[in-house]
Each structure stands twice: as C-alpha cells, then as structure tokens.
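An overview of the molecular structure
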Amino acid sequence: MDRPYILHMLTPGPWMSPFDVNMAADAGYQVIVPYCGVDVAATPNLTQDAIFSRGPKGVSRTGLFIGGRDVTQAVDMLDAARKAMVPPFVVSVMADPSGAFTTAAAMLACVRGQLRKAHGTDLDGRRVLVLGGTGPVGRIVAVLAARAGAQVRIASHKGQQVANETARAVSERFGAAVAGASSADAAALREALADTDVVLATAAAGVQVLSAEDLAAAGQKLLVAADVNAVPPEGIAGVGVMDDGKPVAGTQAVGIGALAVGNVKYQVQHQLLQRMRNAEKPLALSFDDAFALACELRAG
Ligand SMILES: NC(=O)c1ccc[n+]([C@@H]2O[C@H](COP(=O)([O-])OP(=O)(O)OC[C@H]3O[C@@H](n4cnc5c(N)ncnc54)[C@H](OP(=O)(O)O)[C@@H]3O)[C@@H](O)[C@H]2O)c1
C-alpha cells in the first residue's frame, strides 16, 4: 500500500482556518491534521514527532503547514521547524498565516503587472502607501514592495505613533526599510496620498479606507490603486472587486479589485501546496516564494 500524503497543520490560534484545510485537500493531501495553540517553543518537538515515524521514503509524503494571525510568529515557527529537522528526516514546510503571504504576494504581483502594462514602469523607486498596513497582509505586502525597491509607508488609522511602531518592527524583523504614516483623519490621509504612486488598501474586511473625495485629492501622481477587501463596501471607492486595470475616475491610475487579487492568491496557494506535496527534495516555502510564483502567473 502506498503511504498517504499527510499534512500536519500548526497554528497558535484556537482553530485552523477551514479555508486552508480545504486548500490542502484540494492540493492532494489525504490526511490533514490540525494542531491548535502551538507556539514557537512547541514547534521543534511537534516537528520531530512528525518526521521520525515514516522513514526516508515517508518523509517525502509528509508536510507541515503553519497558519495563525501573527506573521512574525509564523516565520519564527517556520525557522524553528526547519532547525528541528534531522537529515535525512526532513519534510517540506510552508507558512501562510491568515492567507497573508499568498494574498500579499498576489496583490503586489498584480500591481507590478499593471505598473508595467498601463504605465511602462516598475516598483523600483515608486512611492507605495499601505492603508490598513498594520495587519498581516499589509505588513507582508510592505516588506515585499520594499524588497522590490519601492519606498514604502505603512499607514494606520490609529495615527502616526502606531504606524511608526509597526514600521520599525517590520523593518527590524524582515530587514526591509519601511516608514510609518498617519491615516487618522482626512487631512493626514490626503497629505500622505499627495506623494504616492501606488496605494494599497489592506484594511479589515468591510472597511472603506479611501473615498472618492480622497482619490480626487490624490491628483494625477497616482498610478495604481489596489484593494484586497472583498466584503462591501469596497476598500477603495470606485474600484470594483473584479477590476483589473480599469481606469479610476478622476485620476490617471488603474484599479485592481479584491477578486482579481483573490484569483491569483488562490492559484499561488494551490500550486505551492502541490509543489510541497510532489517535491522530491524538501521545500521551505514563505512569502518570497509566493511572490515569485505570483509574478510568474501574472507574466504567463
Ligand atoms: N482578496 C483576497 O484574496 C484576500 C485574502 C485574504 C484576506 N483578504 C482581505 O485582506 C484584508 C487584510 O487582511 P488582514 O487579515 O491583514 O486584516 P486585519 O488584520 O483584519 O485588518 C488590517 C488593518 O485594518 C485596519 N482597520 C481595522 N478596522 C478598521 C477600521 N474600522 N477603520 C480603518 N481601518 C481599520 C487596522 O489597521 P489600523 O487600525 O492600524 O489602521 C488593521 O490592522 C481584509 O480585508 C481581508 O478580508 C483578502
């Protein structure tokens, strides 16, 4: 009998995301086991418990997935799992907490594609403002954009101090130069927007962070406005969920909506899980891998 494909899914939270369980099953995993309340300290023991029972052949049919809400904790758990493995007992591992790695990767790949297509330019040197940037998706899209050469500001509707603290934490942990900006009121938001080429809306579901008046005030500098909130109202007024390069009224920008991003996000997560399941050599997959794949998918 062939050994089944097993995915051990670890999360610090009280439950594993049903979305991720479905994705794992659709990628071909046959036995999917959630482990809840798992932190960085518990990760090495669980990892070693998962690797030693199946022999060198079985480890290629065994994977680890790391979820949760905290992107720093997820990366720390991924590192802890990798360090706990003992060759030749090494299994593939992937982190995607709250879908943030695959969503941020898909969002930025869509933005890069539209910068090239609509404006003949790239992320390098562009000024990027991330609204709702203190959440998991916002933090990772900020890191990816900074690594691609953009000048990135994370904005918080709680004000400059929270934005600065988040930007400092993100910069220190991920080695990316990110600054903070306030979006606490219309004046602060419009001041930040005036100097922005790309605005990314990554705030909580159902929250509109940019009104038509804000967009009008942004003026002609804005090149791309992208949103990942699929729950009405849209995160950016006038950018529909299906938009993918549609001109944004009153600006020279093009818009990208949540379902256009979601389509790429779905493919990225599905293909990374399949890669992990089919890998002959063990893989460790994080947000850089998700971004590379998302860019390939958008280019192809
Ligand atoms: N399209 C897709 O494929 C896809 C996949 C996954 C997630 N998503 C969406 O991606 C978005 C980001 O997800 P997430 O988990 O990172 O979000 P989150 O943690 O729930 O929220 C992100 C940020 O939104 C801001 N926020 C919360 N309530 C607000 C309010 N009332 N007014 C203004 N800002 C508010 C907060 O930042 P500040 O208070 O600091 O401003 C918060 O840190 C969500 O809309 C989610 O539904 C989309």
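Residues numbered from 1 in each chain as written. Predicted model: local features only at pLDDT ≥ 70, side-chain atom pairs only at ≥ 80, totals over all residues. Heavy atoms only, no water.

As annotated in an unreviewed UniProt entry, the chain is NAD(P)-dependent methylenetetrahydromethanopterin dehydrogenase from Azohydromonas lata.

**Things to note about the state of the cysteines**
Here is the rule we go by: Defined by distance alone, a disulfide is two cysteine sulfur atoms within 2.5 Å. Exposed residues in this analysis have more than 50% of their type's maximum accessible area, buried residues have under 20%, and partly exposed residues fall in between, with area computed by a 1.4 Å probe over protein chains only.
Under the definition given, this model contains zero disulfides. Here Cys-110 stays unpaired: no disulfide links it, and the sulfur of Cys-295, its closest cysteine neighbor, is 9.3 Å away. Taking the relative accessible area as the measure of exposure, Cys-295 reaches 13% and is therefore buried.

**Here we look at the UniProt feature "domain: Methylene-tetrahydromethanopterin dehydrogenase N-terminal" (unreviewed entry) in the chain**
This is how it is decided: UniProt positions are given in the numbering used here, feature names are shortened, and annotations may be inferred rather than shown by experiment. Helix and strand assignments follow DSSP, with helices taken as H or I runs no shorter than four residues and strands as E runs no shorter than two, numbered in order from the N terminus.
On the UniProt side, "domain: Methylene-tetrahydromethanopterin dehydrogenase N-terminal" (unreviewed entry) is annotated at positions that read residues 18-98 here. Annotated as 46% helix and 19% strand, the span residues 18-98 places its first and last C-alpha atoms 11 Å apart.

**Thoughts on the pattern of salt bridges**
Under the convention used in this document: Salt bridge, as used here, is a side-chain nitrogen of Lys or Arg placed within 4 Å of a carboxyl oxygen of Asp or Glu.
According to the stated counting rule, one finds 10 salt bridges in the structure shown. Put simply, Asp-195 and Arg-127 hold a salt bridge, and the shortest N to O gap is 3.2 Å. Of this pair, Asp-195 sits in the loop between helix 8 (186-193) and strand 8 (198-201) while Arg-127 is found in strand 5 (residues 127-131), placing the two residues 68 residues apart along the sequence. The partly exposed category is assigned to Asp-195, whose relative accessible area is 33%. According to the relative accessible area criterion, Arg-127 is partly exposed, its value standing at 22%.

**Some details on the environment of Val-268**
Worth spelling out the cut-off: Here a residue-residue contact requires only that any non-hydrogen atoms of the pair lie within 4.5 Å.
Mapped onto the secondary structure, Val-268 falls in helix 10 (residues 258-278). When the C-alpha positions of Val-268 and Leu-293 are compared, they lie 6.4 Å apart, and in sequence the two are 25 residues distant. Once residues lying within four places of it in the same chain are set aside, the contact partners of Val-268 are Thr-102, Ala-290, Leu-293, Ala-294 and Leu-297.

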